[in-house]
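Residue-level structural notes
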Amino acid sequence: MIRTRAGRAGAAGVALLAGLLPALLTGCTASGPGAAKPSPSSSAEAAAAAAPHGPAIRLVSPDGAVHLGDEVRVVIRATDDGAPVAARDATFEVISGPATYPGGFETSATDSDGVASSLGLHAEGAGRVTIRVAVGEISSDLTIDVAGS
């Protein structure tokens, strides 16, 4: 039988792969940094994985554009690590855009679900309105679009 240098190299490569393959496959199932994580098996686990971390103020309503001249009810929900921020003052103030609050701002208290609302935002022109909402030490700028008539 005649062997060539390429034949010996090929055999050595196959032997090397045969030795490394079990180690590589075992590494695919190992846990630790950089390891793939299993997908959540239930909707509760998925919700927990998607829960916001840290303080947040989210606009609940309006969920679309409001109309020019409307008095707008702005509803927010304040949370901290997904838990409601309850029984705190919420202050609403227009930072920019074609809307105003009588007296410049409005204050209401959050309920047990962290929800608060302002009732007196008046849309005065078409455009984007930025409202700063502060609940306790949490503050966020939220935007509302005002459509023409």
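Notes on the structure follow. Note that the structure is a prediction, hence the values are computed from the model and not measured.

1. Some points on the pairing of strand E10 (residues 138–147)
Remember that side chains alternate between the two faces of the sheet whenever the strand is regular. Of the two faces of E10, the one lined by Ile138, Ser140, Leu142, Ile144 and Val146 is fully buried and the one lined by Ser139, Asp141, Thr143, Asp145 and Ala147 carries no buried residue. One ladder, built from two bridges, connects strand E2 (residues 66–67) with E10; its direction is parallel. If you follow Val66 over to E10, its bridge partner there is Val146. In this structure, strand E9 (residues 127–135) lies alongside E10, joined through nine bridges in antiparallel fashion. Residue Ala134 lies in a different strand from E10, and its bridge partner there is Ser139.

2. Some words on the nonpolar core
Core analysis: the largest hydrophobic core is formed by 23 residues, its most contacted members being Val74, Ile76, Phe92, Leu121 and Ile131. When residues of this core are traced back to their parent elements, those giving at least two are strand E3 (71–80), strand E5 (89–96), strand E8 (115–123), E9 and E10. Excluding its chain neighbours within four sequence positions, the residues that come into contact with Leu121 are Asp70, Glu71, Val72, Val74, Val94, Ala99, Thr100, Tyr101, Ile131 and Ile144.

3. Thoughts on the sheet that holds E9
If you walk across this open sheet you meet the five strands as E2-E10-E9-E5-E7, and the pairing is mixed. Each edge of the open sheet carries a strand with a single partner, namely E2 and strand E7 (105–109). Both E5 and E9 contribute to a ladder of six bridges, which runs antiparallel. Within E9, the residue paired with Thr91 across the bridge is Ala134.

4. Here's the deal with the pattern of salt bridges
Scanning all chains against the criterion turns up two salt bridges. Among the ionic pairs, Arg128 bridges to Asp145, the shortest N-O distance being 2.9 Å. Here Asp145 lies in strand E10 and Arg128 lies in strand E9, a separation of 17 residues in the sequence. Salt-bridge contacts for Arg132 lead to Asp141; the nearest nitrogen and oxygen are separated by 2.7 Å. A residue is classified by how much of its surface remains accessible, and Arg132, at 34% relative accessible area, is partly exposed. Assessed through its relative accessible area of 39%, Asp141 is described here as partly exposed.

5. With respect to the environment of Val75
Along the chain, Val75 turns up in strand E3. Residues Val75 and Arg58, spaced 17 residues apart in sequence, show a C-alpha to C-alpha distance of 8.7 Å. In this structure, Val75 is in contact with Arg58, Leu59, Val60, Ser61, Val115, Ala116 and Ser117, ignoring residues within four places of it in sequence.

The rules we used
Residues numbered from 1 in each chain as written. Predicted model: local features only at pLDDT ≥ 70, side-chain atom pairs only at ≥ 80, totals over all residues. Heavy atoms only, no water. Buried < 20%, exposed > 50% of the residue type's maximum accessible area, 1.4 Å probe, protein only. Helix = DSSP H or I, 4+ residues; strand = E, 2+ residues; numbered from the N terminus. Pairing = 2+ DSSP bridges. Core = buried A, V, L, I, M, F, W, Y, C linked by side-chain atoms within 4.5 Å. Contact = heavy atoms within 4.5 Å. Salt bridge = Lys/Arg side-chain N within 4 Å of Asp/Glu carboxyl O.

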